[in-house]
Amino acid sequence: MTFCFTGIRSFPKLWKSNPYLGLGPAHSSVCLFLKDCYGIRNQQKWFSLKTASPQNTKAVNLLIAKARYPRKGDKGNKKQVSSDSPHLFAAGAAKKRSQMNPQSKDHVLSPVRDTIQLPTKPLNSEEWDKLKEDFKGKANFENWISSQMAHCRSSVDVAKSLLAWVAAKNNGIIGYDLLVKYLYLCVFHKQTSEVIDVYEIMKTRYKSLESGGNSLLIRGLIHSDRWREALLLLEDIKKVMIPSKKNYHDCIQGALLHQDVKTAWDLYQELLGHDVVPMLETLKAFFDFGKDIKDDQYSNKLLDILLYLRNNQLYPGESFAHSVKTWFESVPGEQWKGQFTTIQKSGQCLGCGKTIESIRLSPEEYEFLKGKILRDVIDGGDQYKKTTPQELKRFQNFVKHCPPFDIVIDGLNVAKMFPKSRESQVLLDVVSQLAKQNLRLLVLGRKHMLRQGSRWRRDEMEMVQKQASCFFADNISEDDPFLLYATLHSGNHCKFITKDLMRDHKACLPDAKTQRLFFKWQQGHQLAIINRLPGSKITFQRILSHDTVVQTTGDSWHIPYDEDLVERYSYEVPTKWLCLHRQT
Ligand SMILES: [Zn+2]
């Protein structure tokens, strides 16, 4: 028997005639249906088994190339990196640093494990039989091929021909997994009417679905006039778990698409109530919808969203920033004007000249952070197990008996910064240069640095000890807790030097507020060495004087945002800003 399927809408006929659904004997209507299609069987070439895809390889290569060179003009710039490197905390800087590191290899996508090529056109039953014969994998063929099709976003038609083949072999029965993968493709290709058909089948066949199936149905239904049923599915999910941010996003999007603003905001409040961080797309959707609404209450809620971004140290993406700008400029009678700009080193906005908030922690913030780090993290944290309590005590006594330092130096880390130079020479260069500026220095080191060797010369280490206070820990100790302790203990003016970005510690900090303060403190207090010229002159990176965070003065807003093509690590901040101010 040969059959094929053409129209998308015709497929549910097969389903509705499924005995499982209690709608009548399967075979009669399947055969009828198949006969309908049979006539055109020979008019088209249905598929080609050999569909090696040079375009795909090309596309993947293009993506890799794009990721590797996020900005135009970055190509071939590597030689200049040391003299022209972006700020330590600037978006994209970490990416660049990793590119400079020859050890980091590109992640090359491995090719699909292919004993066979995926069909690109619907197959008939014999063709599916043949394909299955060719399949030499261990896994169940139907599961494997449907997973591959979902992975490669095959067309709905091809997937439908697979389901028809499976259904014909199994008296119209198709497993749940296969059905969900089919649903995934329908949702992905935005075949809403097909989604509704699968929805009907699932409703009839299963009392309740697992969250994966529900999530797909929600995503598919919100575009239809039956979008309210997506809210019922959300209720179903809530019976067993907290819905995902994506579930909420889809429902909110559905409500906004259908002009139901109240439902959208209610869902948003509910999401926040679960302590779920909303997707930026959700927030953007409210702004996009807002430009057609002239309503103070709605406006105030949008301003609340901006404050939410501030409090949670979140940054909108480029298109979200455009939505915010468009919305502000659409508010009648307020005459907002927006522009995309950058902030000068002095902390002044290049757009309007206003000064951006300072990076300095207030005395209260500083005391709060210091207390948290000294008590909760250094004394109590498990992560410092490599440091013995005796040694920590010895260090704390040492620090107590010294006057406050201006700069704390991670000696080992700094010394290894320029692999071609002798370690003790690099350390001595850094210390001498800073000592000339009358700064009180603390060098943290290890005991092994004091043993004469080719990398560590005794005379140079003696010169270091003459110009700086030094503490040499056991060779097994971790440096970071000592560095944090000494810097925080010395006061808000004290800076530190290490190449290490202390990401691990940030993750260990007890709560979001402490993490934000730590990040702000780190940005304002970590000195980075960006160059060491022949003749021992060391160049330090300027510390930004302003805080990169959403901020307002009432008649102005300054909103840092992420550019689409710049990959920013979690400890970096954006360099681009949206400046909004009211024209008076
Ligand atoms: Zn400005």
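For the structure, see preceding data.
In this text, all values refer to a predicted model and were calculated from it rather than measured experimentally.

**Points about the overall build of the protein chain**
And then number 1: Tallying secondary structure elements over the protein chain gives 24 helices and eleven strands in all.
And then number 2: In the protein chain, 72% of the contacts between residues at least 6 apart in sequence involve partners at least 24 apart.
And then number 3: As displayed, the protein chain offers around 29,600 Å² of accessible surface, 52% of which is attributable to carbon and sulfur atoms.

**Some thoughts on the sheet that holds strand β10 (residues 556–561)**
And then number 1: Reading across from one edge, β1-β11-β10-β9 is the order of the four strands in this open sheet, with antiparallel pairing throughout. In the strand order of this sheet, the two ends are held by β1 (336–341) and β9 (551–552), each with one partner.
And then number 2: Pairing between β9 and β10: two bridges, direction antiparallel. Looking across to β10, one finds that T552 is bridged to W557.
And then number 3: Contacting β1, β10 and β11 (576–582), helix α16 (residues 318–330) runs over the sheet at an angle of about 155° to β1.

**Re the sheet that holds strand β3 (residues 441–446)**
And then number 1: The strand order β4-β3-β2-β5-β6 describes an open sheet built from five strands, whose pairing is parallel. The strands lining the two open edges of the sheet, one partner per strand, are β4 (469–473) and β6 (526–527).
And then number 2: Pairing of strand β2 (residues 407–410) with strand β5 (residues 495–497) involves three bridges; the strand directions are parallel. Paired with I407 across the strands is K495, a residue of β5.

**Structural notes on the side chain of D250**
And then number 1: The topology assignment puts D250 in helix α12 (residues 245–257).
And then number 2: Within polar-contact distance, the side chain of D250 engages the side chain of R219 at 3.2 Å.
And then number 3: Beyond its immediate sequence surroundings of up to four residues, D250 is in contact with I218, R219 and I222.

**Here we look at the pattern of salt bridges**
And then number 1: Tallying each qualifying case throughout the model produces 27 salt bridges.
And then number 2: Residues R422 and E460 are paired through a salt bridge, measuring 2.7 Å at the closest nitrogen-oxygen approach. Here the residue R422 occupies a position in the loop between α19 (411–415) and α20 (423–435), and E460 occupies one in helix α21 (residues 458–467), the gap between them amounting to 38 residues.
And then number 3: The class for R422 is partly exposed, based on a relative accessible area of 25%.

**What to know about the nonpolar core**
And then number 1: Grouped together as the largest cluster of nonpolar side chains are 82 residues, with contacts concentrated most on W128, I145, M149, M202, F286, L306 and V324.
And then number 2: Considering each element in turn, this core owes the most residues, nine residues, to helix α8 (residues 176–188).
And then number 3: The contact partners of F286, leaving out residues within four places of it in the chain, are I252, L256, A264, W265, Y268, Y298, L302 and I305.
And then number 4: Grouped together as the second largest cluster of nonpolar side chains are 27 residues, I407, V414, V426 and V430 included.

Cut-offs used in this document
- Residues numbered from 1 in each chain as written.
- Predicted model: local features only at pLDDT ≥ 70, side-chain atom pairs only at ≥ 80, totals over all residues.
- Heavy atoms only, no water.
- Helix = DSSP H or I, 4+ residues; strand = E, 2+ residues; numbered from the N terminus.
- Contact = heavy atoms within 4.5 Å.
- Areas by Shrake-Rupley, 256 points an atom, 1.4 Å probe, with all protein chains shown as cover.
- Pairing = 2+ DSSP bridges.
- Axes fitted to C-alpha atoms, helices over the stretch in contact; angles between N-to-C directions.
- Polar contact = N/O pair within 3.5 Å; in protein donor to acceptor, adjacent residues only side chain to side chain.
- Salt bridge = Lys/Arg side-chain N within 4 Å of Asp/Glu carboxyl O.
- Buried < 20%, exposed > 50% of the residue type's maximum accessible area, 1.4 Å probe, protein only.
- Core = buried A, V, L, I, M, F, W, Y, C linked by side-chain atoms within 4.5 Å.

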